[in-house]
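# Secondary and tertiary structure notes
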Amino acid sequence: MEEPIKKTDEQWKDQLTRDQFIVLRQKGTEAPFTGKYYANKEKGTYLCAACGQELFSSDTKFDSGTGWPSFFKPISEDKVTRKEDNSHLMERTEVVCSRCGSHLGHVFNDGPAPTGERFCMNSISLDFKKED
């Protein structure tokens, strides 16, 4: 596993756009159907927009109808960390990048086989590396 990345809020603000900072570092959420990757069908790998760690393969992406990019599993379980999230009067499981701790989205138990999970991610939390 790669060495964890630790930065101050000021360092993150220098690196990220204002909107990225709000989602990645302050646990915001982009509006559904507005993100650049929710309808992306190209083959490749989705990376953490803050640190570049590989998170999801396009092979595991599916159309959940929610308006956010959805995946049924990460590239490897050690790439993401799951955290209890009881904000907004809901019981959810937050998903963060295991390398830099950035908020990516949430995981739900209503996804397709083989995992039954839906990793509902914010496009703004991701970068995309197209397959050659």
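Here's what I pulled together on the structure shown here. Note that the structure is predicted; figures quoted are calculated from it, not measured. (Residues numbered from 1 in each chain as written. Predicted model: local features only at pLDDT ≥ 70, side-chain atom pairs only at ≥ 80, totals over all residues. Heavy atoms only, no water.)

Residues Ala-113 and Pro-114 are joined by a peptide bond in cis, for which omega reads 10°. At Phe-33, a residue that is not glycine, the phi angle is positive and equals roughly 65°. Note on placement: Phe-33 falls in the loop between helix H2 (18-25) and strand S1 (44-48). Here Phe-33 falls in the partly exposed class, since its relative accessible area comes to 46%. (Helix = DSSP H or I, 4+ residues; strand = E, 2+ residues; numbered from the N terminus. Buried < 20%, exposed > 50% of the residue type's maximum accessible area, 1.4 Å probe, protein only.)

Spatially, three strands are ordered S2-S1-S9 in an open sheet, and the strand pairing comes out antiparallel. A single partner strand is all that each edge strand has here, and the edge strands are strand S2 (54-57) and strand S9 (126-130). Neighbour-to-neighbour, the strand axes of this sheet turn through a mean angle of 30°, independent of strand direction. Where S1 meets S2, three bridges bridge the pair, whose relative direction is antiparallel. Directly across from Tyr-46, in S2, lies its bridge partner Phe-56. (Pairing = 2+ DSSP bridges. Axes fitted to C-alpha atoms, helices over the stretch in contact; angles between N-to-C directions.)

A few words now on the pairing of S1. Counting buried positions along S1 gives five out of five residues, so the element sits mostly inside the fold. Pairing of S1 with S9, which is carried by five bridges, proceeds in the antiparallel orientation. The residue bridging Leu-47 from the neighbouring strand is Asp-127, located in S9. Taken together, S1 and the strand that follows it, S2, pair antiparallel across an intervening segment of five residues, in which Gly-52 is found at a positive phi of about 85°.

Once that is clear, we can look at the nonpolar core. Counting residues in each nonpolar core, the largest one holds 23 residues, and the members touching the most others are Phe-56, Phe-119 and Met-121. Counting residues per element, the ones that place at least two in this core are H2, S1, S2, strand S6 (92-97), strand S7 (103-108), strand S8 (118-121) and S9. (Core = buried A, V, L, I, M, F, W, Y, C linked by side-chain atoms within 4.5 Å.)

Strand order in the open sheet formed by six strands is S3-S4-S8-S7-S6-S5, with antiparallel pairing between adjacent strands. The strands lining the two open edges of the sheet, one partner per strand, are strand S3 (61-62) and strand S5 (80-85). Bridge analysis of S3 against strand S4 (residues 70-71) gives two bridges, and the strand direction is antiparallel. In the sheet register, Phe-62 faces S4, and the bridge partner there is Ser-70.

Per the counting criterion, the structure on display carries seven aromatic pairs. When the centroid spacing of 5.5 Å and the interplanar angle of 90° are considered together, the rings of Phe-33 and Tyr-38 count as edge-to-face. Here Tyr-38 falls in the partly exposed class, since its relative accessible area comes to 33%. Relative to Phe-128, the ring of Tyr-46 lies with its centre 4.7 Å away and its plane at 50°, an arrangement referred to as tilted. Placement of the pair is Tyr-46 in strand S1 and Phe-128 in strand S9, with a sequence separation of 82 residues. (Phe/Tyr/Trp six-rings, centres within 6.5 Å; stacked < 30°, edge-to-face > 60°.)

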